[in-house]
Amino acid sequence: MSKLNLIVDATGKRDALERLLMSIKRQTVSGIIVTLVAAEEETVAHLKEKYAFDVTVTKHGFADGINMTIQKLSSPFFMPVASNQLFAVDFYENALPYLDECDGVMFNIAKKRANGKFAKIYKGSGAAVSEMLMRRPCINCCVFKTTVVKDNDIKLKSVTIANQAAFLEKYFECCETAEYVPDTRIYIDNISKSAKPSLIGAVGKKNSAAIIKESVLDTAYPFLGTEAYRKLCRAKSFFVRGVKHVLKR
């Protein structure tokens, strides 16, 4: 059975971290190893009684923690995970067949919108990984093969959308076999918290349109759930209905 190391971001706010760890613990098959990336080991020590995990300590953020952890991994596969992420109970069971056959796997992921509903980030089935990267570059739904990253010296510079895209593009170019899995078994409360907007970094990238679009949406997301935004939407609807009524007359 292929071992999978989940590298979890515990460097920021940790209000949802235990919920994530619980979703990992309840997986229907064993074989997952967990590594928390933290600024100080003491900040996650209280979780040791309930959950088994290693800790990578870094003062330079999650991207640095991922790079550090990869260098000491013994498991053949790893996956970066945001602290506000959640796995379906059968995620790992469904992931295993792909790990045995592929160098890289991109799973579908759903984010919670301002209205509280989960919406798929990647749509369609039977698509190639490269097509999905044009929608939202996201390392938090990809399983990477440790040897591919080490042999090709692939480093994650930061968790900006542009640098996540650069990491993904280089990685999947080095893969002999890569697979996109359309079934959604990974969820994230607010995906904008897992990446930093990067409009400038988008220049020259293959999927610059996706990076710019998602960066703008990430910047605007805090406003989307406010009363001011709802009033704006109601005003827009009222205006559109008024215009249509006048045109009909």
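Let me begin by describing the structure that accompanies this report. Sequence order sets the numbering: in each chain, residues are counted from 1 along the sequence as written. pLDDT decides what is reported in this predicted model: residues at 70 or higher carry local features, side-chain atom pairs at 80 or more are listed and counted, and totals for whole chains, interfaces and linings draw on all residues regardless. Based on all heavy atoms of the structure, the side-chain values leave hydrogens and waters out of the count.

### Side note on the overall build of the protein chain
Item 1. Helical segments are the DSSP runs of H or I of at least four residues, strand segments are the runs of E of at least two, and each set is numbered from the N terminus. Along the backbone of the protein chain there are 8 helices and 9 strands.
Item 2. Between buried and exposed lies partly exposed: a residue is buried under 20% and exposed over 50% of the maximum accessible area for its type, with that area taken using a 1.4 Å probe on protein chains only. Buried positions account for 46% of the 249 residues belonging to the protein chain.
Item 3. Contact definition: two residues touch when any of their heavy atoms are within 4.5 Å. A separation of at least 24 residues holds for 73% of the contacts in the protein chain among residues at least 6 apart in sequence.
Item 4. For accessible areas, the Shrake-Rupley method is used with a probe of radius 1.4 Å. Any residue's cover is judged against the shown protein chains and nothing else. Total accessible area on the protein chain is roughly 13000 Å²; 55% of this is exposed by carbon and sulfur atoms.

### Re the environment of K193
Item 1. Here K193 shows up in the loop between β9 (178-188) and α7 (208-224).
Item 2. A residue is classified by how much of its surface remains accessible, and K193, at 66% relative accessible area, is exposed.
Item 3. Considering only alpha carbons, one finds K193 and A82, 111 residues apart in sequence, at a separation of 8.2 Å.

### Here we look at the environment of L17
Item 1. Locating L17 in the fold gives a position in helix α1 (residues 17-25).
Item 2. The spacing of L17 and Q85 is 68 residues in sequence and 8.2 Å in space, taken between C-alpha atoms.
Item 3. For L17, the residues in contact, after removing those within four places along its chain, are V8, A10, L36, V44, L47 and S83.

### Re the state of the cysteines
Item 1. Cysteine sulfur atoms that pair up within 2.5 Å are treated as a disulfide. With the rule as written, the count across this model stands at 0 disulfides.
Item 2. Unpaired in this structure, C142 has its nearest cysteine sulfur neighbour in C141, at a distance of 4.3 Å.
Item 3. Unpaired in this structure, C175 has its nearest cysteine sulfur neighbour in C174, at a distance of 7.1 Å.
Item 4. The buried category is assigned to C175, whose relative accessible area is 13%.

### A closer look at the pairing of strand β2 (residues 32-38)
Item 1. When you tally the buried positions in β2, you get 5 out of 7 residues, the bulk of the element.
Item 2. Alignment of β2 against strand β3 (residues 54-57), held across 4 bridges, turns out to be parallel. Bridge pairing in β3 places A38 opposite V57. DSSP calls a pair of strands paired once it identifies at least 2 bridges connecting them.

### Quick notes on a positive patch on the surface
Item 1. Together, R113, K123, R135 and K213 make up a region of like positive charge exposed at the surface.
Item 2. Residue placement: K213 occurs in helix α7. A residue counts toward a patch only above 30% relative accessible area and without a salt bridge, and it is joined to like-charged neighbours within 9 Å or, for Val, Leu, Ile, Met, Phe, Trp and Tyr, to nonpolar neighbours within 5 Å. By definition here, a salt bridge exists when the distance from a side-chain nitrogen of Lys or Arg to a carboxyl oxygen of Asp or Glu is within 4 Å. Working convention for charge: Lys and Arg count positive, Asp and Glu count negative, and His plus the chain ends are omitted. Every charge is mapped onto a representative atom, which is NZ of Lys, CZ of Arg, CG of Asp or CD of Glu.

### Things to note about the side chain of Q85
Item 1. Mapped onto the fold, Q85 is located in strand β5 (residues 85-87).
Item 2. Q85 gets classed as buried once you look at its relative accessible area, which sits at 0%.
Item 3. Here the side chain of Q85 touches A82 through a polar contact of 3.0 Å, landing on its backbone nitrogen.
Item 4. Dropping the residues within four chain positions of it, Q85 is found in contact with R19, L20, M79, N140, I186, Y187 and I188. Whenever two N or O atoms come within 3.5 Å, that pair is a polar contact, provided that in protein one can donate a hydrogen and the other can accept it, and provided that, for residues adjacent in sequence, both atoms are side-chain atoms.

### Here's the deal with the packing of aromatic side chains
Item 1. Only Phe, Tyr and Trp rings are paired, with Trp represented by its six-membered ring, and only when their centres lie within 6.5 Å; those with planes under 30 degrees apart are stacked, over 60 edge-to-face, the remainder tilted. The tally for this structure, following the rule as stated, stands at 9 aromatic pairs.
Item 2. Plain terms: the ring middles of Y98 and F107 are 6.3 Å apart, the flat faces sit at 90° to each other, and that makes the pair edge-to-face.
Item 3. Accessibility expressed as a relative area gives 4% for F107, which makes it buried.
Item 4. Ring centres of Y122 and Y180 lie 6.3 Å apart, and the angle between their planes is 80°; on these two criteria the pair is classed as edge-to-face. Here Y122, found in the loop between β7 (118-120) and α4 (129-133), pairs with Y180, found in strand β9; they are 58 residues apart in sequence, far enough to count as distant.
Item 5. Taking relative accessible area as the criterion, Y180 reaches 4% and is therefore assigned buried.
Item 6. The rings of F78, F144, F167, Y171 and F172 are connected pair by pair, giving a single aromatic cluster.
Item 7. For a ring to carry a charge above it, either NZ of a lysine or CZ of an arginine must fall within 6 Å of the ring centroid while also lying within 35 degrees of the normal to the ring plane. Cation over ring: K48 sits above F53, and NZ or CZ is 4.5 Å from the ring centre.

### Some points on α1
A turn of α-helix holds 3.6 residues, and therefore any two residues three or four places apart point the same way.
Item 1. Taken together, the buried positions of α1 are L17, L20, L21, S23 and I24. Seen end-on, α1 carries its buried residues on one side only, within an arc spanning 160°.
Item 2. Considering only its buried residues, α1 is in contact with β1 (4-9), β2, β4 (77-81) and β5. The arc in question is the one traced by the directions running from the helix axis out to the C-beta atoms.

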